[in-house]
Amino acid sequence: MSNIQERQKEIVEEFSIFEDWMDRYEYMIDLGKSLPLIEDQYKTDENIIKGCQSRVWVYGAMDNDKLDFTADSDAIITKGIIAILIRVFSGQKPEDIIGANTDFIDEIGLKEHLSPNRANGLVSMIKQMKMYAIAYNSQQNKA
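Residues numbered from 1 in each chain as written. Predicted model: local features only at pLDDT ≥ 70, side-chain atom pairs only at ≥ 80, totals over all residues. Heavy atoms only, no water.

Scanning the protein chain from N- to C-terminus turns up six helices and two strands. Per-residue burial over the protein chain gives 46% buried out of 143 residues. For the protein chain, long-range pairs separated by at least 24 residues make up 65% of all intrachain contacts whose partners lie at least 6 apart in sequence. Element-wise, carbon and sulfur atoms account for 48% of the exposed surface of the protein chain, whose accessible area totals about 7700 Å². (Helix = DSSP H or I, 4+ residues; strand = E, 2+ residues; numbered from the N terminus. Buried < 20%, exposed > 50% of the residue type's maximum accessible area, 1.4 Å probe, protein only. Contact = heavy atoms within 4.5 Å. Areas by Shrake-Rupley, 256 points an atom, 1.4 Å probe, with all protein chains shown as cover.)

What follows deals with the UniProt feature "domain: Fe-S metabolism associated" (unreviewed entry) in the protein chain. Residues annotated by UniProt as "domain: Fe-S metabolism associated" (unreviewed entry) correspond here to residues 12–131. Counting secondary structure, residues 12–131 comes out at 49% helix and 13% strand; the distance between its end C-alpha atoms is 25 Å. (UniProt positions renumbered as here; feature names shortened; annotations may be inferred.)

Across its 13 residues, helix H2 (residues 21–33) extends 18 Å between first and last C-alpha, which sits within 8% of the 18 Å expected from 1.5 Å per residue. Listed in full, the buried residues belonging to H2 are Trp-21, Arg-24, Tyr-25, Tyr-27, Met-28, Ile-29, Leu-31 and Gly-32. At its buried positions, H2 is contacted by helix H1 (4–16) and helix H3 (76–89). Measuring from the side-chain oxygen of the N-cap residue of H2 to the backbone nitrogen of Met-22 gives 3.1 Å; that N-cap residue is Asp-20. (Expected span 1.5 Å × (residues − 1). Polar contact = N/O pair within 3.5 Å; in protein donor to acceptor, adjacent residues only side chain to side chain.)

With their axes 7 Å apart at the nearest point, H2 and H3 run at an angle of 70 degrees to one another. Taken as axis vectors, H2 and H3 run roughly perpendicular relative to one another. Residues Tyr-25, Tyr-27, Met-28, Ile-29, Leu-31 and Gly-32 of H2 pack against Ile-76, Ile-77, Lys-79, Gly-80, Ile-81, Ala-83, Ile-84 and Arg-87 of H3. Of the residues assigned to the contact of H2 with H3, the class counts are ten nonpolar, two polar and two charged. (Axes fitted to C-alpha atoms, helices over the stretch in contact; angles between N-to-C directions. Parallel < 35°, antiparallel > 145°, perpendicular 65-115°, else oblique. Nonpolar A, V, L, I, M, F, W, Y, C, P; charged D, E, K, R; others polar.)

Here we come to the nonpolar core. Across soluble globular proteins, you tend to see nonpolar side chains buried next to one another. In terms of nonpolar packing, the biggest core is built from 45 residues, with Met-28, Phe-69, Ile-82, Leu-85 and Phe-89 touching the most fellow members. Those elements that provide at least two residues to this core are H1, H2, strand E1 (56–63), strand E2 (66–73), H3, helix H5 (103–107) and helix H6 (116–142). The dominant element in this core, judged by the number of residues it contributes, is H3, at nine residues. Ignoring sequence-local partners within four residues, the contact set of Ile-82 consists of Leu-35, Val-58, Ala-71, Met-125 and Met-129. (Core = buried A, V, L, I, M, F, W, Y, C linked by side-chain atoms within 4.5 Å.)

Before going further, it helps to examine the pairing of E1. Relative to E2, E1 is paired through eight bridges, and the arrangement is antiparallel. When the bridges of E2 are listed, Asp-63 appears paired with Lys-66. Counted between consecutive antiparallel strands, the loop separating E1 from E2 contains two residues, among which Asn-64 sits at a positive phi close to 60 degrees. (Pairing = 2+ DSSP bridges.)

This part is about the environment of Tyr-132. Within the secondary structure layout, Tyr-132 lies in helix H6. Owing to a relative accessible area of 13%, Tyr-132 belongs among the buried residues under this scheme. A sequence separation of 74 residues divides Tyr-132 from Val-58, and the C-alpha atoms of the two residues are 9.7 Å apart. Excluding its chain neighbours within four sequence positions, the residues that come into contact with Tyr-132 are Asn-47, Val-58, Tyr-59, Gly-60, Leu-67 and Phe-69. Reaching out from Tyr-132, the side chain makes a polar contact with the backbone oxygen of Val-58 at a distance of 3.3 Å.

Put into structure tokens, the structure is as follows:
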């Protein structure tokens, strides 16, 4: 299992293959199709991302000492965005997620090619995933 930095590097390399943003959007849509889907029982207001133009649900649960994420969205581009984030953060230790930077998003040019609302949603998705990591990390530290 690769670490967060290795996964980010892979994504940057994959996106560098595409010269124009229409191809990158197509790739993101394809990534969204392989998204580990959230179970319907977790599609609740509690798991919806606030500040996102589309409806996006993210759920995180511990598996041994690692945090696994599932998600869904009603928009195909947003599904691709959350799929990228899940690929980076899922299966990682909470403390690694908390300490991870997200510079790879700027490296692939994602934020600058999103509408302001989608860019805000991206930030909210990252924040929500890190909040899960903080919550589970504090639970682990109490145990």
